[in-house]
Amino acid sequence: MTDVSVEVVQTSSLGDRSYLAHDGEVAIVVDPQRDIDRFLALAGSLGVRITHVAETHLHNDYVSGGLALARLTGATYLVAADDTVDFERSPVTDGDAITVSTRMRLRVVATPGHTFHHLSYVLDSEHGPVGVFTGGSLLFGTTGRTDLLGKQHAHTLAEHQYASVHRLADLLPDGTEVWPTHGFGSFCSATQSDAPESTIGRERTANPALRLEADDFVQQTLAGLDAYPAYYAHMGARNTAGADLIDLTPVAVADPAALAQRIADGEWVVDLRSRKAFAHRHLTGTLSFGLDGPMSTWLGWMAPWGTPITLLGDSAQQVADAQRELARIGIDRPAAAATGSPEQWAAGDDTRLTALTTATFADLAAARAGTPPHALPAADVVLDVRMTNEWRTGHIDGAVHIPLPDLPHRLTDVPTGTVWVHCGSGYRAAAASSLLQRAGRQVVHLDDAYTDAGLPIVPGN
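What counts, and where the lines are drawn
Residues numbered from 1 in each chain as written. Predicted model: local features only at pLDDT ≥ 70, side-chain atom pairs only at ≥ 80, totals over all residues. Heavy atoms only, no water. Patch = residues over 30% accessible without salt bridge, like charges linked within 9 Å, V, L, I, M, F, W, Y side chains within 5 Å. Areas by Shrake-Rupley, 256 points an atom, 1.4 Å probe, with all protein chains shown as cover. Salt bridge = Lys/Arg side-chain N within 4 Å of Asp/Glu carboxyl O. Helix = DSSP H or I, 4+ residues; strand = E, 2+ residues; numbered from the N terminus. Buried < 20%, exposed > 50% of the residue type's maximum accessible area, 1.4 Å probe, protein only. Polar contact = N/O pair within 3.5 Å; in protein donor to acceptor, adjacent residues only side chain to side chain. Contact = heavy atoms within 4.5 Å. Phe/Tyr/Trp six-rings, centres within 6.5 Å; stacked < 30°, edge-to-face > 60°.

Colleague: Break down a nonpolar patch on the surface for me, with residues and values.
Modeller: Together, Leu40, Leu72 and Leu245 make up a nonpolar patch on the protein surface, roughly 270 Å² of accessible area in all. Within the secondary structure, Leu245 is located in the loop between helix H7 (232-241) and helix H8 (256-264). Leu245 sits in the exposed class, given a relative accessible area of 53%.

Shown next as structure tokens:
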């Protein structure tokens, strides 16, 4: 038994976890996201005081809330001594031990691999190690990717990653809990795992880094890397400078005339409703990035950095939730927002509204056989917007492949004719279909889980 407890604060939209460890009186927060109100509320509900905030590394996939949280609470801010930053912090390095209370201690372990100066923190209670905060090092069934600092460093960092994982496994007993920051859908993870929890012992049997020889691990890791969000390029600099308190106050309201102007100007006017609601009826020229999926990841990846973004939602809460998600990746203030229905956004003018034709893969098979059902148009072009690794595992014969993040810059590469668009489940295809529709193309959105449906599937290259 231990008097130390660890609370998980999930940010599922980005595939990350932060942690609050406490002994009933004082608390440590590890790798906090930008919206620190969640950690303050959790500490308040537990009746504990945050005395330490720790970063495992300078993050690439989100803006850290660590500096703001430390300043607001007066907590000691632990950041790797070897990381050059523009703010005051408590520099820590391999072998350091931080006494948090009589019942909690952190031990700093250098675990380079995800970054050159990456740290892990072993949490000790009075009875020994409870768990280890591994950031982007040892994840559930995988490790953090090693190419975020540039492809030229990926091989070297993969070798470091292998050694770091083995160091943790050698240092800690099998029952030690593993608490990674990445690996729950984050593009910072080399591969994905559905495991909800793990220990050092479980990782010995499940993790390739602990089962493969070093050369095989490096080769497998590098071969599995795919593209990562373009906004990552801005996160490292933002975290090096240190982010201020987040501003989540409501943004300016756009009336129908302002929405029409923003659309006419080619701005990104984003419909946050579900893709099915978007397909049924939407404001012409708007883009589908439903809040029921990884909106911030794809929107932040695809929209030109710094471009004005206007949010459309069913309710003020939907817009506020989207604003929070975007602020986590450094899109601090949307240009404007509107709530209600498409009819309200169009001021009752039906000529400003349109629908999006949807179909299934069975419909596509019939269309390619020359008998499209339900008066659907011919399938002149099949556009696959999945990522490259997905395409390589198998794709529809004759399909055109343009990964979704590349589509805004490659609209002219889509062949002429009616375009049937698909991804793996329908979410990304909705975004792609809305982009094509905005560009004046005739589109059919395959809102369906990827299946062959009798279609010929061939391997990619």
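Colleague: Would you mind going over the pattern of salt bridges in detail, with residue names and values included?
Modeller: Summed over the entire model, instances satisfying the criterion amount to 23 salt bridges. Two residues, Arg324 and Asp37, come together in a salt bridge whose shortest N-O distance is 2.9 Å. Taken together, the residues Arg324 in helix H11 (residues 316-327) and Asp37 in helix H1 (residues 37-46) connect sequence positions 287 residues apart. The exposure class assigned to Arg324 is partly exposed, which follows from its relative accessible area of 21%. Note that Glu390 is salt-bridged to Arg428, the shortest N-O span being 2.8 Å. Placement of the pair is Glu390 in helix H14 (residues 388-393) and Arg428 in helix H15 (residues 427-438), with a sequence separation of 38 residues. Its relative accessible area of 26% is what places Glu390 among the partly exposed residues. On the accessibility criterion, Arg428 (12% relative accessible area) is buried. Residues joined by salt bridges that share partners form a network here, namely Asp35, Asp37, Arg38, Arg324 and Arg328.

Colleague: Mind laying out the side chain of Thr286, listing which residues take part and the relevant values?
Modeller: Mapped onto the secondary structure, Thr286 falls in the loop between strand S13 (282-283) and strand S14 (287-288). Reaching out from Thr286, the side chain makes a polar contact with the backbone oxygen of Leu283 at a distance of 2.6 Å. Apart from the residues lying within four places of it in its own chain, the contact partners of Thr286 are Ile263, Val269, Phe278, Leu312 and Ser434.

Colleague: Before we move on, could you go through the environment of Leu119 and cite the residues and values that matter?
Modeller: Structurally, the position occupied by Leu119 is in strand S9 (residues 119-125). On the basis of relative accessibility, which here comes to 4%, the residue Leu119 falls in the buried class. Remark: the alpha-carbon pair of Leu119 and Thr93, spanning 26 residues in sequence, is separated by 7.8 Å. With residues near it in sequence (within four places) discarded, Leu119 still touches Thr56, Ala80, Val92, Val108, Val109, Ala110 and Thr111.

Colleague: Residues and numbers for the packing of aromatic side chains, please.
Modeller: Scanning all chains against the criterion turns up 10 aromatic pairs. On the basis of an interplanar angle of 25° and a centroid distance of 5.6 Å, the ring pair of Tyr228 and Tyr232 is categorised as stacked. Exposure remark for Tyr232: the relative accessible area of 4% places this residue in the buried category. Seen in terms of ring centroids, Trp298 and Trp301 are 5.2 Å apart; in terms of plane orientation they differ by 0°. Their pairing is stacked. Taken together, the residues Trp298 and Trp301, both in helix H10 (residues 295-302) and 3 residues apart, mark about one turn of the helix.

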